[in-house]
Each structure stands twice: as C-alpha cells, then as structure tokens.
4 protein chains.
Amino acid sequence: MTLGIGLIGTGFMGKAHALAWRNARAVLGTAPEVRLELLCDTPADKATGFASQFGFARSTDDWRALVTDPKVDIVSITTPNRFHKEMALAALAAGKHVWCEKPMGLTLADGEAMAAAAAASGKTTMVGYNYIRNPAFRHAQKLVEAGRIGRLVHVRGIVDEDYQADPDLAWTWRARLEEAGLGTLGDLGCHLVSMLTGLCGPIESLVADMQTVHTTRPLPDGSGRGAVENEDTATALLRFASGVHGSLSTSRSAWGRKNRLGFELHGTKGMLVFDQERMNELQLYVNEGPKAEQGFRTILSGPEHGVYGAFCPAPGHQVGFNDLKVIEAAELLTAITTGTRPHPDFAAALEFERVIHGIAESARTGQRVVLG
Amino acid sequence: MTLGIGLIGTGFMGKAHALAWRNARAVLGTAPEVRLELLCDTPADKATGFASQFGFARSTDDWRALVTDPKVDIVSITTPNRFHKEMALAALAAGKHVWCEKPMGLTLADGEAMAAAAAASGKTTMVGYNYIRNPAFRHAQKLVEAGRIGRLVHVRGIVDEDYQADPDLAWTWRARLEEAGLGTLGDLGCHLVSMLTGLCGPIESLVADMQTVHTTRPLPDGSGRGAVENEDTATALLRFASGVHGSLSTSRSAWGRKNRLGFELHGTKGMLVFDQERMNELQLYVNEGPKAEQGFRTILSGPEHGVYGAFCPAPGHQVGFNDLKVIEAAELLTAITTGTRPHPDFAAALEFERVIHGIAESARTGQRVVLG
Amino acid sequence: MTLGIGLIGTGFMGKAHALAWRNARAVLGTAPEVRLELLCDTPADKATGFASQFGFARSTDDWRALVTDPKVDIVSITTPNRFHKEMALAALAAGKHVWCEKPMGLTLADGEAMAAAAAASGKTTMVGYNYIRNPAFRHAQKLVEAGRIGRLVHVRGIVDEDYQADPDLAWTWRARLEEAGLGTLGDLGCHLVSMLTGLCGPIESLVADMQTVHTTRPLPDGSGRGAVENEDTATALLRFASGVHGSLSTSRSAWGRKNRLGFELHGTKGMLVFDQERMNELQLYVNEGPKAEQGFRTILSGPEHGVYGAFCPAPGHQVGFNDLKVIEAAELLTAITTGTRPHPDFAAALEFERVIHGIAESARTGQRVVLG
Amino acid sequence: MTLGIGLIGTGFMGKAHALAWRNARAVLGTAPEVRLELLCDTPADKATGFASQFGFARSTDDWRALVTDPKVDIVSITTPNRFHKEMALAALAAGKHVWCEKPMGLTLADGEAMAAAAAASGKTTMVGYNYIRNPAFRHAQKLVEAGRIGRLVHVRGIVDEDYQADPDLAWTWRARLEEAGLGTLGDLGCHLVSMLTGLCGPIESLVADMQTVHTTRPLPDGSGRGAVENEDTATALLRFASGVHGSLSTSRSAWGRKNRLGFELHGTKGMLVFDQERMNELQLYVNEGPKAEQGFRTILSGPEHGVYGAFCPAPGHQVGFNDLKVIEAAELLTAITTGTRPHPDFAAALEFERVIHGIAESARTGQRVVLG
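Residues numbered from 1 in each chain as written. Chains lettered and ligands numbered in written order. Predicted model: local features only at pLDDT ≥ 70, side-chain atom pairs only at ≥ 80, totals over all residues. Heavy atoms only, no water.

What follows covers the confidence of the model for chain A. Within chain A, residue pLDDT values average 97, and 100% of them lie at 70 or more. Our summary of model confidence lists the complex with pTM equal to 0.98 and ipTM equal to 0.97. (pLDDT = per-residue confidence, 0-100.)

Set out below in structure tokens:
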C-alpha cells in the first residue's frame, strides 16, 4: 500500500519537500512508493500550477481540507513558522503523519504543544533538520562513535548567512517577535544545535549574548522605519552533559556567508572540522603516524560515506542541498513503515528548541540557563 | 502531448538519467511533462526491479524492443561505450530522439557514423556532457563573453580521477582498445574538451603525449597478467582558432583525485579558475580597484547564476552532481519542443571526439595534428 | 650614536629577538644601528656559544650584570614568564629600555607593577606582541579604519595550538599556577586580545568559561601523576566599548592546530577574515559590485601592504614568523629615537592582560567581569 | 678564518643576499662566520648608503674592484642577467667563490662558458635557486626518496606571476632578447625546472609551445610602441630519463598569480602537491588506511621538516621568502668549508638552463628536443 502525500507550501522548502517525495524511492531504493496526492497553496491557481509542476494529483487552497483529506497519509508543512503549530496539530488530530519544517513554532510553548500532540497521536512526526542527513556529517558521527578522535573535549559551532546583512533592506514580518519568533536562532541556530548535539550529546547549561545589528529598518511603504525586535546574532558558551565544553555562534548579518554552518570538534586524539559551504568535505586530523606527515586531511564524500552511493557510485561527484531532503524523506518513510522513530521527531526537536530559547533567555537575563 | 522516455541501462549514468527525467519539469518548471515509459536492462528481473524503483511504467530486457516501442519518443543510452553506436543508430532509424552518454563510440568513425545518422534523421540528439550545465560553469562563460577577464590568451585544463591508480586492480575490459576504445581520454578527457572549447572556441591543432602507467594488470581468473592497451594519462599542447594557447592533461591514475575537472583561464584583464571537486565555486581575479585589495575571489553559486535558483533560492546551498543531469534533460526537452539544437548534439559532440582522438594520434605519431 | 643591546635568553624567543636585532636596520633602513653588546644565558658556556652564533660581542651567565651593563641601552627579556617581572623592574631601575616577551608576568599584579615601574622610569618599554606587526594584519586595520567593511558589529577570534593536546605528555612546570600562571590564556590568548582590541578597541566586559582537558599528567620521574592547575581551553563572550559583540576562544590542546590565530570581523558592509597559519593572506568580502561576482577574495601580502616591501618587492613571496619580530624591533627603535610610545608599551600591554585575567576570573566565579 | 663577502647589486636579490649573509650563521649555527666586506652598486653614494644599511664594511661603484678585492672571498652577483657572465668569469678568474643569481646568462652559450670557467677555476660556485631550499620542498624530496608515494609516474608543474600581465605596462629592456634573453622561461621557468628535476631526475626530451601575449608595448617616451621579443608564456611536454612523463607551464602574464610555483607529483601509491604561494604547506595523499578516511592532508612546515627548526622550534609559525636565501647561503658556506659541491653549482645549473633553452628551441622549430 502506498502512502499519500499532502504538501502545504511551495516556496524554498515546499519545493524541497516536493523533490524529496519524488525521489526518495528512486534514489534510495528502500523507501516505499508514495503518491503525490494533494498540494496546498494560496491562491488556488498558484496551487494548481505547482501541483502540475511538482506532479501532485490534486491541489487546494484550503490547508484544512488537505490535512483531513482521506487520501493523504503524510502532511509536509513548509509554510512560514507562525503557521506550523496550528497545521501540525490539525494534521495530527486528523490522524496524519507530519513532516514539519524547523523551527517548530514561534515560542517554546508552541513546540511543547506540538510534541505533546505528537506523543498523544501515536503518529510519526519529524522536523526538517536536513543538514544532519549529509553523508559527510553522518561519517563525522561515525568517526566520533568509533573513537577516532578520542574523548571529545571541546566543540565550536558557527552558522552564518548574510540575508539580513544589508542595512538598507526593508523591514518585514521577520523582524517581529510575534510573527517570526526568534531571529537568527530560529532560522539558523537550531540547525547548528542539531549538529552539535548529534556529535556531543545533550547540552546541560549555557550562558549567552545576543545582538540586534540593525535595530530599525525602512518600512516598505516609505512611512519611516520599523523596529527589529529579534536578534541578528547570538553566541553562547555551552556545557554538554558529556563534559564537553564549547560555543555556538550564529548571525544572519554576516556578509559573504551563504550557508556557513560548521563546527570544529576537538578530541584527545584528533579533530574534525566541517563547513556546509563545502558540504562534500570533511576535515580530519588524527595524531598518528610520523609527526612529519600529520596534517588535516580533506575527505571528499564518496560511496564509503553513508548513503552517498545511492546518489552516485563515484566519489567526489557531490551531493547537493536537495539531496539532503531526499535522505530525510526516505528516513521518515522508513520510520513510518517500520514503526520506529525518525530523528528528530517532535520530542527530539523540542530539545533543540529548548536550546535556542535558552540562549535567548540567557541573553536577556544575563544568567546561566540550565536545560533539561 | 507528453513525451515518452525509454531508458537503456541502470548503472551510474542510467540512474542519473532516470532521476533527471523524474525532475526536469518539477525543478525547472519550463520543461514539458514526460512519461517514464520503458526501461531496459538485463536480465529481465533487474529491469523490472529498476523500473519499479525509478518509476518507469514498463520494463524489457530487449533494447531493440525499446528503441522501436511506439510509446517511446526519446531514448536515453547509458550502456557501456561499445554499445552506443548500434543503439543510437537503431533509435534514430526508429524515429526517436536520442540522449547518448559520452563518448559517442570507441573510434572516431563511430562518432562520424552517429553524427551522419543524426543529421539524416532530423531527430534531436544530445550527448551527455553534464559538467557544462553547471551554473558555475555557465557563469564563467557569461563572464568571458562579457569581456570580464579581457581577451583570452591562455588556458590550462586538467581532469583527473584515481579509479585506475591502484597497481593491483584487476584487468578488465576497460583496458582493451576493442572494447573500451580510448582510456582516460574517452572517460574523462572529452569532458574537459567540452569545457575548454565552451570557453575558448574550437581547437585548431595540438601536439600530445600519452602514457600507460600500469602496462599490465592481474587477470581476474588468476591466470597471469593482461596487457593494458589504452592510455592512463594524456597531455596535449593546444592551439585554439581564437589564438588562445593552452594545455589539457588527464589521468585516470591520479591518486586522491575523485573528480578533479578544472581549468585556469587567463585573460588580459583577469583570470577564472574552476574545479569540479568544488563545483559550487568559481574563482575570479580581475585587475580592478586598488592593488592592495586585489585577490582571487571565491564566488559561491547562487540564484544569480544560471538556473541555480530553480534548485534553491538561497545562495551557497549547493547543487550536486545529479542536478547537472536534471538541467541537461531539461535542455534536451526544450530543444525538442522548440525545434532548436541542444548543445552538444551529435555533430557538436563529434568535434569533441575529434580532439581526444587527435590527441591519441599525435601521441602515437609524435606529430602535430591539425583539426577541423 | 648606536644603541647597545642586551639579550636575556636564547630559546625560541631569544633567537627571534637576536635575529630581529640583527636585521631591523638592514631590512627597514629607517632603524638606527644597534650594537649586539651582551647576551645572557646559563650556564656560561651556553651563553658564550650563542653569543658567538648570534653575533653578540660578550656573554654572561648573570642577568643582573646584563641589566646594569653600561654599554647596554635596551634589554630584551625572553626568559620563562616567571622571571619577567624581576628582570624588567631591574632593567628599568638601571635606566634601560625594555623589550619584554608576553605575557608580562604570572599575575595581573605582576603586570601592574611592571607598568607602574615603566611609567616611573621614563624609559621606553614594549611587550612582544609580534602578530600585530604582520603587514596583512596592519592592512586589515587600515581597511577597518577606512570604513571598508562599514560599521563593525561582530568579531570572533580563535587561537589554538596542540602542544598540550597529547594526553601522554609528561607533567611540567607549565601546569603549575605558581610557575606558569595562566595556561592557554597566557601563552596564546593574549595574542588574540592584542589583535581583537587592535581592530575593535577596548573590551568593556565579558563572561567566560574554562576547561582543563587533561587534569593530570604523568610525572617525569615516573612517580605517579601530577595535577594540571591551569586551563587548557578558555572561551569568552566579549562586549567592546565600541558596541561590537564577539567571542574569543583558545586552546592549547587542539590537535592539528599549530598556530591557528585568527578572526572573523563582521561589518555592516563586509567581512575580514584572517588566519595566522596562512599569515600572508587576508580574506575580504565587500558588498559591492554585481551580486553574481561577490565573494571572499584572498589578498596575498605584497608591497602595497605595510612594510612588506622592505622584505621583498614582489608580492606573494611571503614574510615569515621571524620577520614579524624584525618589524617589532624596528618599531621599538623608532619609538626610542623619536621619543614616542611603541605599541604596546607596558601600560597598553597591561590592558591585554586585564582581559585574560578577567576571563579567568569570570570562568572561576561564573559572573560577568567588567573591565577598565 | 672568516670568509669575506663581496656583494654586487642591491635590488630585490641584492638585499636578499645581504640578509642571507647576515643570518646564515646566526640561524643555522653550523655556518662559519663571514665578514660583510664590500658592496658594489652605482652610483657610489647608493653603494655607500646600502653598505651602511646592510652592514657592509666598505662600498664601491666598480664591480671589477670588488671581484679582485683581496679581502673578498665570495662574490654574490645579483645584477641584471646580462651582466652575470662577465662578472662571474672575472670573479672566478680572480680566485673567488661565486654565488650568482639565476638564470646564469642570456644564452645557453653564456651558461656553458660560466660552467667551463667554474670547472677550470676549482672554486665553489652556486646559482640562486632558492625555492628548492624550502623545508617543505626538501620534505617532498625525502618522501619521494622514501617511496612514500610509490614509483613516480607523472608530474605537472606551473610557475606563474602577473608582473607582465597588464597590457598597458610600458616597454622595457625585459622585452628584448639581446638584453633580457628569454622571457618567462628565464625569470620563472628555470625555478620550476630546478624543482621538477629535483623530484624526478633529468629531463630527456621535450616538445613545447610559446606565446607572446602582448606583442608590443607602449614606449616609455611616448614615441609609439616597441616590440616584445621574448615569450610571455611557455608550455612543454616533458619526458624524464626515469620514465616519468609530465608538463611544465609558465606565464609572466597570469593575472592574480604572485608566485604560483608548484607541482603535482603522481606516484603509484600517492600524490604530492605543492604551491609556493602557500610555501609552508605540503599536500600529501597516500593510498593507505580505510578508503573512507583517505584525503589530501595539508602538512604545515615544522621542526620535523629539514632545517625549519633552526628558524623556529614551533610548527606552523612559518618561514618566509628571505629565509630560503639564508638556507642557500649556509649551504654554500658549508660546501666551501667542507670542499663539497653545493647544489646547483654552475655545472648543475647549466642543465636547468638547457631545459629552458630547449623549450624555446622546440617552440621555435616545432620539433622534439632531446637533451643531454
């Protein structure tokens, strides 16, 4: 029996989900067949157009119709963040599995409500943390688990983009707490949390600082300037339950950075370095062999790394951003068909959100925030 | 009216074609709908399995049935090189459009026969030169055409992999002239020709050298060693009709190189550098602005570059190898529906093959070879 | 009238000072002549040997004799940190100019005493912050001052080495607070402070965390394990008086890092990135020109950058570590002969030490430390 | 007994020699003491000024007086190329050891005359091939000799700068065959030959091409345009006596390249890559260990590499361009005092020049040139 897909949203992430659904089985082989059943966007003709382009059987401009459609088994939620909670709750209530883009909601309470609903529903949920699907990242995890760099001691993570770097950019809803919630922490920082905790385990406590670089922006109607209510940068000192210390820093106003999501992971035997802007490369240093030959080596992703080979049997040929979503969709499908929990489901993703909201809280209060 | 696709082969390139056909319209929007009609491989159950995985309606183990199938409009040929000619000729004879992987055949005569058949058929043909679809490469071409680096004067190209670097690798048919034709020139070198001529125009003459690094290899049955009849490396001094001088070098025995396909293009005002192992980056140096601030800049691919934005609206998020094939498929579809010639069709691709066969000839004779 | 040089110490920094004194005038031209008058080390024959090698006229094993020697005008102090204060105070008391290696002493009180003595003496003092002499760094400062990257908003600095990364390394005096003072903050962190404040101005307050990665080490006599009393890593959240926010992180246990001293400096118009492991390169991104051509550019140091041209008139040929000390020596000489203050003199260097001791204090207390 | 140094020339290389003489013993320890005896330049006051700056005891504007001065034991020749032969012959005739900058002369006959005179004189000679002194390069040689990358099979070398890239640059004597001899081959190409033959042994034969990018340049007096008589670029296909095949390419008109002198050396077990623009890094790939962890490693120069430790005991701190000349001077001094031959003496350097003149000849005639 095939699974029917309902997709809400057709923007950046909407398209990524559509492509992921189209390709999960073709690429991975193991994933079950899916039917691209129903696509929702507004207005209706936009939905119709994208349904045709993406290959969905039907379209609608009513997301409530989508989440209750009897032929839809899985709902992909890719709308702006402020709609996530309501849609996810409705989909779960209608007995659907849910794949929701990150962050879960605008507030920690949103996430908590979603996780509670997921737990109550018995359905499979997943939040769209695509970067942890990368074969290079998975290989980093494998090397860590195998003790290849020894005991972990320190980690530094950065995630930067420059989409809010321009001082002359017009004010948008992204600047409002009520509509956007967190700033760079919600857009970018949570991705880094998914990586750092995927390497070092849960974060125990943190101290943080935040900054709004551009405190006002010109209103689009020319009527003056609007306040920017959320953070452009945030940095935190982290302590992990495992004893690892580290830091996390994020900026949406970092000129020149387009997807600078990376880490340095220090162990007692070596170091791992990764940067998403070169997503097919992993840097590894190990203290072994003659000192005169030691150095960071650049490992190009290839079929020896995770599911890379399902995309291409030749090393160095490179997976791209959309391929990460293909892996993600396949993992959700596998979880649904095997009755296991994909990572991160709503419960696990809530823990990521506790971190970013904890950072914001610490930055506001100036106090150390203890998590979990 | 939709176009029906017939795909022969399910290996590295077979899968790449399948994914390309699945995604061309969904990604690019402009491409017409296609039907994944018929897939061929042997044995029959392999064909059936991949038809299911890739989403083809039917399967067969008889490629002749495929090329004459009435519901098939376009034939994708992704089999080993020695089958290309026969299949392409049969498909053209059956009135099909043909997308054939490179190189066209084992000998220049193969290519000439294919180009002649294509011309006679009036059908649309294309050869699978995927690397020239890369938005970064297309942007390099655009910069060149805009005169951004001035008059072109010199170019150096390299394409290396290491799949034949290991001296202990067993002998295969790849080592036989009769079955494989050229060695690294056919596998890798022709891709570089597609790039260099795409930047500097046609090559007028050349002088070359070749080398078989591992002259024998252990026979798989343990009965001794078999001769390697084709080249592991080849290097040529090039003169382009435009007056550009340059060089091309290729090796399939270059340890550590996984897809090192790149060039340095020297102009009178600047330089462009590209390496496929970092396929989302283009290096540009322009002699402008204060000397103290000049330097090679790393341009990360983004929506400003060609069709990148159709894959992802955010810069630096990266396209991957399979995405190049999606672009390629879309270009073929556009050519078919608009009655234009895609690049490179069999006639244009033949010119690339003249270069690699010219290199082999010059290396054998020690004489300059004049092309065209 | 030439200036007579007295050098105490012949290790890493001792040799660097000796070479700096030998070359300041030959390279820079503007520096006055110096006489390599007296060299001190113990035992006496070591001093004699190095005096001969480095070209000093005389040698001694008594540093007190050196600092009072009538032919000595400037004293270079390159001994282990715990001797700095006593030697500097004696040299100042004897009316000598002093060039002392960093950090000034083991405690903040040491530094305060030294700065007070310097102020009282009227002599010229300088602390050995060599990395801020680098033409690439100076050019970064110049670009900042010229507003090339706009208003500064964020900065991240890292300085890592791996000389204490090996868990099996024997215990030494470096692990003792009483003998070594701070750990990585004193060895490495203060260099980063010299850079970050050189770019962003004084630091106003900070919150920090520290970590001892290897809490005990095997005693060299095999009698068990000794405690490591000072920090292997330290990380701080910084707020600068200028409004810049940022972070600083340092580790002496970072495998693979040999001299990873660098920063990312975020401005409202661009970004500057530097890494001492590629000390002849500066990365600059500026939001100007077509988006499609923007990227980080790698500026190779050349004669357009500071005093690079005094070393070599050709760009890209590279200055090395010892060259930084040559520049430093020349700056001290210029300051002495012109009666100006070199940077950093004891007073200015004390401000750097306030930062590293402030980091240690914040890490111990868990409280924000306000400086200045 | 100390050796007296006479230096002719005070430009780029003159200063480099002066600094090398000042530092060889201080850095390396093993080199004997030298006296900076006599410096020659014109006019006389320029010589006086530089003698003072560089620390030479006396100065002259008459190079013939210098080469016959009884207190001079070694003559450094750093004048424009067209003076090398006459000065070297005179110095050898006067019984001096000679350190001459490369290339030896304008023609191969110049070099032959110099090598013959050197052989007849019994004095020690050396030509200034500084890049092969680099600890990173020496380590590459050591790795090759130890078989670390297996049997050598292929090599590609490039040496590029951009000092003649600007089309608007005025015509100078550098453009004249009679005054400058070869173009980029003499300036840059011979350095690459010193490296490639230092790795792969002597070159047996070659085929080459050359190009003058800017065939005329504006005359400095504004009276029109003068012809550029020598080559801006040259590229050769090389066959080494060892069986290695390869290529060499050089341009003095390569925008953005400041000292791009490097190679890729392909062996049956691995690869070595070097680029002088990152002169403290060596890239090594070895086919060993798990495939999933293989990659090019960046080895930062440190005390494990050749004489690096004499400059600095800490890895990653970096030697610079002038340090290469210090090593070179020390090697010459060691050769003189031990009665051994430094590398390359005039005889060995003549072999390098046979290669660059062979390249020019092959480019002119279109024929393969057999060397040796």
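Right, picking up where we left off after that structure.
On to the relation of the copies chain B and chain D, then. Rotating chain B by 180 degrees and moving it 0.0 Å along the rotation axis overlays it on chain D with an RMSD of 0.0 Å. Interpreted geometrically, this transformation is the action of a two-fold axis. Most of the interface of chain B is mirrored in chain D: 100% of its interface residues are interface residues there too. (Least-squares fit on C-alpha atoms with pLDDT ≥ 70 in both. Contact = heavy atoms within 4.5 Å.)

Our next topic: the UniProt feature "domain: GFO/IDH/MocA-like oxidoreductase" (unreviewed entry) in chain A. Taken from the UniProt record, the annotation "domain: GFO/IDH/MocA-like oxidoreductase" (unreviewed entry) applies to residues 137–272 of chain A. Secondary structure within residues 137–272 of chain A divides into 22% helix and 37% strand; the distance between the first and last C-alpha atoms comes to 10 Å. (UniProt positions renumbered as here; feature names shortened; annotations may be inferred. Helix = DSSP H or I, 4+ residues; strand = E, 2+ residues; numbered from the N terminus.)

This paragraph deals with the interface of chain B and chain D. Across the contact, 47 residues belong to chain B and 47 residues belong to chain D. Roughly 3,400 Å² of surface becomes buried between chain B and chain D when both sides are summed, with 51% attributable to carbon and sulfur atoms. For the chain B face of the interface with chain D, the top three residues by lost area are B:Arg156, B:Leu237 and B:Trp255, together amounting to 21%. Where chain B meets chain D, there are 20 residue pairs in polar contact (both at pLDDT 80 or more). Elements that contribute at least two residues to the side of chain B that touches chain D include exactly β7 (152–160), β8 (203–211), β11 (233–240), β12 (245–251), β13 (260–267) and β14 (270–275) of chain B. In terms of residue class, the side of chain B that touches chain D is built from 17 nonpolar, 17 polar and 13 charged. (Buried area = accessible area lost by both parts, 1.4 Å probe. Polar contact = N/O pair within 3.5 Å; in protein donor to acceptor, adjacent residues only side chain to side chain. Nonpolar A, V, L, I, M, F, W, Y, C, P; charged D, E, K, R; others polar.)

Here the focus is the UniProt feature "domain: Gfo/Idh/MocA-like oxidoreductase N-terminal" (unreviewed entry) in chain A. Using the residue numbers shown here, the UniProt feature "domain: Gfo/Idh/MocA-like oxidoreductase N-terminal" (unreviewed entry) corresponds to residues 4–129 of chain A. The distance separating the terminal C-alpha atoms of residues 4–129 of chain A is 22 Å; by composition the span is 46% helix and 21% strand.

Our next topic: the sheet that holds strand β4 (residues 74–77) of chain A. Residue and element names in this part refer to chain A. If you walk across this open sheet you meet the six strands as β3-β2-β1-β4-β5-β6, and the pairing is parallel. Whereas interior strands pair on both sides, the edge strands pair on one side only; in this sheet they are β3 (58–60) and β6 (125–127). Between one strand and the next, the sheet's axes are offset by a mean angle of 20 degrees, whatever the strand orientation. When β4 meets strand β5 (residues 97–100), the two strands line up parallel, connected through four bridges. The residue of β5 that forms the bridge with Ser76 is Trp99. (Pairing = 2+ DSSP bridges. Axes fitted to C-alpha atoms, helices over the stretch in contact; angles between N-to-C directions.)

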